[in-house]
Amino acid sequence: MPPRKTSRPPPYAARNQSSIPIPPALRNLLRRDKLRTIVLGFLGFLTIIWLLRRMGGGSGGAAAVIGSGAPVVIVTVIDPRANSAWVEKVKRNREDYASRHGYATFFPNNTDYPLKSSPLSWAKVPAVRHAMALNPRATFFWYLDSTALIMNPSIAIHSHLLTPARLEKLMIVNEPVVPPDSVIKTFGNLKGDRIDVVVTQDKEGITQSSFVVRNGEWAKYFLDAWFDPIYRSYNFQKAEAHALEHIVQWHGTILAKLALVPQNLFNSYASGPAHPKNGQYREGDLVAVFPGCDRDKRNCADEMQAFFDVLEGKNKDSQN
Ligand SMILES: *[C@@H]1O[C@H](CO)[C@@H](O)[C@H](O)[C@H]1NC(C)=O
C-alpha cells in the first residue's frame, strides 16, 4: 500500500507563508518565547491547583482549618528513663490545665526522633513539628519543658498572652537578643497578628523551656530552620538553645515574626538564672521552671515537691 498523504503541510510551506525571511537567531528567540509561554502557563496552572488545595484544606480530606481545633496544644517531651511517678504527675499537671481551657496535650518520648549523636534536648523541636502534624486545626503550640510546672491553672494562655492586642502590649522591643549587649535587638512596630513565635529571656539569653509557635507554614519553616543538621552537629555549648539564638540573630525574617515577652508571663524560674527584672517565680505566676533539674545529679521530683504540695492543696480547696 502506498503511504497515505498526511494533512500536514510539507515543512517548507510554513516558511513560505512569511514573505520576509526570518533570520535563524530570531526564529530561535521566537521559539524560546513560545516555550516560555508554555512553561509559565503550566506554572500558573500548578499555582491554581495549589491554591485550590490550600483553600480546601490540603490533602486531609475534611477541611483542616487552622483555628477550628484546640486553641493551644501543650507539648512536653518525656525522658522515658525518668522516674515514672514523677512523669505521671507532670503529665497530669498539663492535662488538668488543658481540660480546664479546652486545650490538647502531647507527650512524646525524647527517643522518638532520629537525633543521631545530638543531645536529646533537641527532641523538643521535632516534637512540636510532630504535634503540628497531629493537630492541624489547632491555633498555638506551647512547648513546656518537663522541668516546668503550671502553677496557676486559672490563667488561660491563649487569651492572657497570645491575642494580638496582648502581644502588642507585652512585647519587649529594642532589647538585645542576647543580653546584655548583642547588637541585634528585637523589632518595634510589629503587629500582634503577624507574630508567629513567642519567647522569653532569662539572665543568659533566649530560653527554650517554654515557648509558643502559631500554627502555619511559617512555623514549620521556623522549626525546620532551627532543626537544621548543621546546627545539630555544630556542638553549640547549649545545643538547641544557642542554635535558636543564632537563627534569631542572623535571620531578620525570623526576628520580624518574634515577640519577646517578660519571662514571668509563662516561664518564671523557681531556681536558677532568672531574668533580673522579671524572671523570678512569684505566687500567682502561670508557670514555675526548675531549669536543669533533669541534669547532672539533680532530681526534679524532689525539687518540685513543695510546688506539687501547693498544687494539691489548691485542688483540695477548690473541691470543698
Ligand atoms: C515512651 O516510652 C515509654 C517507656 O518506654 C512507653 O511506655 C511509652 O508508650 C512511650 N510513649 C510514647 C508516646 O511513645
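One can find the structure itself at the top, above this paragraph.
What this report covers is the structure whose coordinates are included nearby. (Residues numbered from 1 in each chain as written. Predicted model: local features only at pLDDT ≥ 70, side-chain atom pairs only at ≥ 80, totals over all residues. Heavy atoms only, no water.)

1. Remarks on the sheet that holds strand β6 (residues 210-214)
Inference 1: Reading across from one edge, β2-β1-β3-β6-β5-β7 is the order of the six strands in this open sheet, with mixed pairing throughout. The sheet is open, and its two edges are formed by β2 (104-106) and β7 (258-260), each paired on a single side. Here the strands of the sheet are splayed against their neighbours by 20° on average, with no regard to which way each runs. (Pairing = 2+ DSSP bridges. Helix = DSSP H or I, 4+ residues; strand = E, 2+ residues; numbered from the N terminus. Axes fitted to C-alpha atoms, helices over the stretch in contact; angles between N-to-C directions.)

2. Structural notes on the packing of helix α7 (residues 217-226) against helix α9 (residues 239-250)
Inference 1: One can describe the packing of α7 onto α9 by two numbers: an axis separation of 9 Å at closest approach and a directional angle of 120°. Overall, the two elements α7 and α9 adopt an arrangement that is oblique. Contact with α7, carried on its side by Phe222, Ala225 and Trp226, involves Glu240, Ala243, Leu244 and Ile247 of α9 and no other residues of that element.
Inference 2: Split into classes, the residues belonging to the contact of α7 with α9 amount to six nonpolar, no polar and one charged. (Parallel < 35°, antiparallel > 145°, perpendicular 65-115°, else oblique. Contact = heavy atoms within 4.5 Å. Nonpolar A, V, L, I, M, F, W, Y, C, P; charged D, E, K, R; others polar.)

3. Topic: the pairing of strand β3 (residues 140-144)
Inference 1: With five of its five residues buried, β3 lies for the most part within the structure.
Inference 2: Of the two faces of β3, the one lined by Phe140, Trp142 and Leu144 and the one lined by Phe141 and Tyr143 are each fully buried.
Inference 3: Relative to β3, strand β1 (residues 72-75) is paired through four bridges, and the arrangement is parallel. Considered in β3, the bridge of Ile74 is made with Trp142.
Inference 4: Where β3 lies against β6, five bridges are found, and the strand directions are antiparallel. Among the inter-strand pairings, Phe140 is bridged to a residue of β6, identified as Arg214. (Buried < 20%, exposed > 50% of the residue type's maximum accessible area, 1.4 Å probe, protein only.)

4. Some thoughts on unusual backbone geometry
Inference 1: Here Asn189, not a glycine, exhibits a phi torsion of approximately 60°, which is positive.
Inference 2: Inspection of the secondary structure puts Asn189 in the loop between α6 (164-170) and β5 (197-199).
Inference 3: On the basis of relative accessibility, which here comes to 80%, the residue Asn189 falls in the exposed class.
Inference 4: For Asp296, which is not a glycine, the phi torsion comes out positive at approximately 55°.
Inference 5: Within the element layout of this structure, Asp296 appears in the loop between β8 (287-289) and α11 (300-319).

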